[in-house]
There are 2 protein chains.
Amino acid sequence: MDADNSIYVGNKPFMNYVTGVVMQFTTKGAQEVIVKARGKFISRAVDIAEVSSKRFLEGQVEPKNIVINSEEFENKEGKRVRVSTIEIVLGKK
Amino acid sequence: MDADNSIYVGNKPFMNYVTGVVMQFTTKGAQEVIVKARGKFISRAVDIAEVSSKRFLEGQVEPKNIVINSEEFENKEGKRVRVSTIEIVLGKK
């Protein structure tokens, strides 16, 4: 799958991400779009997936697969830190 | 499935929920535990599922299914509000 079909959720305005998802399906003809987030942005990723599929692409797109995982890394103080991740695969019905 | 196997994530200390999940599997012998959350608590639910399955029950438990959804309701001002939900089904390997 093309990496361009992934949307990484961060601090930008909410509707930027929703528009990004909707445009992938409508103007770029994507069959699947993956909404990805880490840590506190996970709730936001779920909101974006829900608003995109239920309000803007109702009846056309649905969550096909959802994967959660975690990444461990060392922070600046040398302490091991774990952060959760989510990948929500939205696909055409 | 018994409703007792559901853990609703909210404001309580993080480890309360992790302990709740671990205890369901270890002392109550559950085959599945469902971690549920709404809105901003969704990120926390993912953290709880990850810490429970990767740190405390490593090799024994994994996410079996994840469902996202949304609920619409009218708030006090009569405005329609949408809130996202998640259900993470953890199961024995």
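Residues numbered from 1 in each chain as written. Chains lettered and ligands numbered in written order. Predicted model: local features only at pLDDT ≥ 70, side-chain atom pairs only at ≥ 80, totals over all residues. Heavy atoms only, no water.

1. Describing the confidence of the model for chain A
When pLDDT drops low, the exact placement of atoms in the prediction is not to be read closely.
Phase 1: On average, residues of chain A carry a pLDDT of 94, and 97% of them reach 70 or more.
Phase 2: Predicted complex metrics record ipTM = 0.91 and pTM = 0.92. (pLDDT = per-residue confidence, 0-100.)

2. A look at helix 2 (residues 42-56) of chain B
Phase 1: Along its 15 residues, helix 2 of chain B runs 20 Å from first to last C-alpha, staying within 8% of the 21 Å computed at 1.5 Å per residue.
Phase 2: Taken residue by residue, helix 2 of chain B has Ile42, Ser43, Ala45, Val46, Ile48, Ala49, Glu50, Val51, Ser52 and Ser53 of chain B as its buried positions. (Helix = DSSP H or I, 4+ residues; strand = E, 2+ residues; numbered from the N terminus. Expected span 1.5 Å × (residues − 1). Buried < 20%, exposed > 50% of the residue type's maximum accessible area, 1.4 Å probe, protein only.)

3. Focus: the pattern of salt bridges
Residues and elements named next belong to chain A.
Phase 1: Under the counting rule described, the total for this entry stands at 8 salt bridges over all chains.
Phase 2: Measuring nitrogen to oxygen at the nearest pair gives 2.8 Å for the salt bridge that ties glutamate 71 to arginine 38. Here arginine 38 lies in strand 2 (residues 32-38) and glutamate 71 lies in strand 3 (residues 61-74), a separation of 33 residues in the sequence.
Phase 3: Classification of glutamate 71 as partly exposed rests on a relative accessible area of 36%.
Phase 4: One salt bridge in this structure joins glutamate 72 and arginine 80, with 2.9 Å as the shortest N-O distance. (Salt bridge = Lys/Arg side-chain N within 4 Å of Asp/Glu carboxyl O.)

4. Re the interface of chain B and chain A
Phase 1: Taken together, the 23 residues of chain B in the interface contact 23 residues of chain A.
Phase 2: For the pair chain B and chain A, the two sides together bury roughly 1600 Å², of which 58% comes from carbon and sulfur.
Phase 3: Broken down residue by residue, the surface that chain B buries against chain A is led by Ile66, Ile68 and Arg82 of chain B, which jointly contribute 35%.
Phase 4: Inspection of the chain B/chain A interface yields 0 salt bridges.
Phase 5: Connecting chain B to chain A are 11 residue pairs in polar contact (both at pLDDT 80 or more).
Phase 6: Only helix 2, strand 3 (61-74) and strand 4 (80-92) of chain B provide two or more residues apiece to the side of chain B that touches chain A.
Phase 7: Sorting elements by how many residues they give to the side of chain B that touches chain A places helix 2 of chain B first, with 9 residues.
Phase 8: Among the residues forming the side of chain B that touches chain A, the class breakdown is 11 nonpolar, 6 polar and 6 charged. (Contact = heavy atoms within 4.5 Å. Buried area = accessible area lost by both parts, 1.4 Å probe. Polar contact = N/O pair within 3.5 Å; in protein donor to acceptor, adjacent residues only side chain to side chain. Nonpolar A, V, L, I, M, F, W, Y, C, P; charged D, E, K, R; others polar.)

5. A word on the side chain of threonine 85 of chain B
Phase 1: In this fold, threonine 85 of chain B is placed in strand 4.
Phase 2: Ignoring anything within four residues of it in the chain, the contact list for threonine 85 of chain B reads Val46 of chain A together with Ala37, Arg38, Ile42, Val67, Ile68, Asn69, Ser70 and Glu71 of chain B.

6. Regarding the relation of the copies chain B and chain A
Think of it as a corkscrew move, a rotation about one axis and a shift along it, taking one chain copy to the other.
Phase 1: When chain B is fitted to chain A, the residual RMSD is 0.0 Å, and the transformation amounts to a turn of 180° plus an axial shift of 0.0 Å. Such a turn and shift between the copies fits a two-fold axis. Proximity to the rotation axis, assessed at the C-alpha, singles out serine 43 of chain B in chain B; its C-alpha lies 2.5 Å from the axis.
Phase 2: When the interface residues of chain B are mapped onto chain A, 100% of them are again interface residues, pointing to one common binding face. (Least-squares fit on C-alpha atoms with pLDDT ≥ 70 in both.)

7. Comments concerning the environment of phenylalanine 41 of chain B
Phase 1: If you trace the backbone, phenylalanine 41 of chain B turns up in the loop between strand 2 (32-38) and helix 2.
Phase 2: You can call phenylalanine 41 of chain B buried: its relative accessible area is 18%.
Phase 3: For the pair formed by phenylalanine 41 of chain B and leucine 90 of chain B, sequence separation is 49 residues and the distance between their alpha carbons is 17 Å.
Phase 4: Beyond its immediate sequence surroundings of up to four residues, phenylalanine 41 of chain B is in contact with Ser43 of chain A together with Val9, Gly10 and Asn11 of chain B.

8. Focus on the pairing of strand 2 of chain A
All names here are of chain A.
Phase 1: Here strand 2 lies mainly inside the structure; 5 of its 7 residues are buried.
Phase 2: Taken together, the 3 bridges between strand 1 (residues 6-8) and strand 2 define a ladder with parallel strand orientation. Across the sheet, the residue bridging to tyrosine 8 is lysine 36, located in strand 2.
Phase 3: Looking at chain direction, strand 2 and strand 4 (residues 80-92) are connected through 7 bridges and run antiparallel. Bridging across to strand 4, glutamate 32 finds its partner in glycine 91. (Pairing = 2+ DSSP bridges.)

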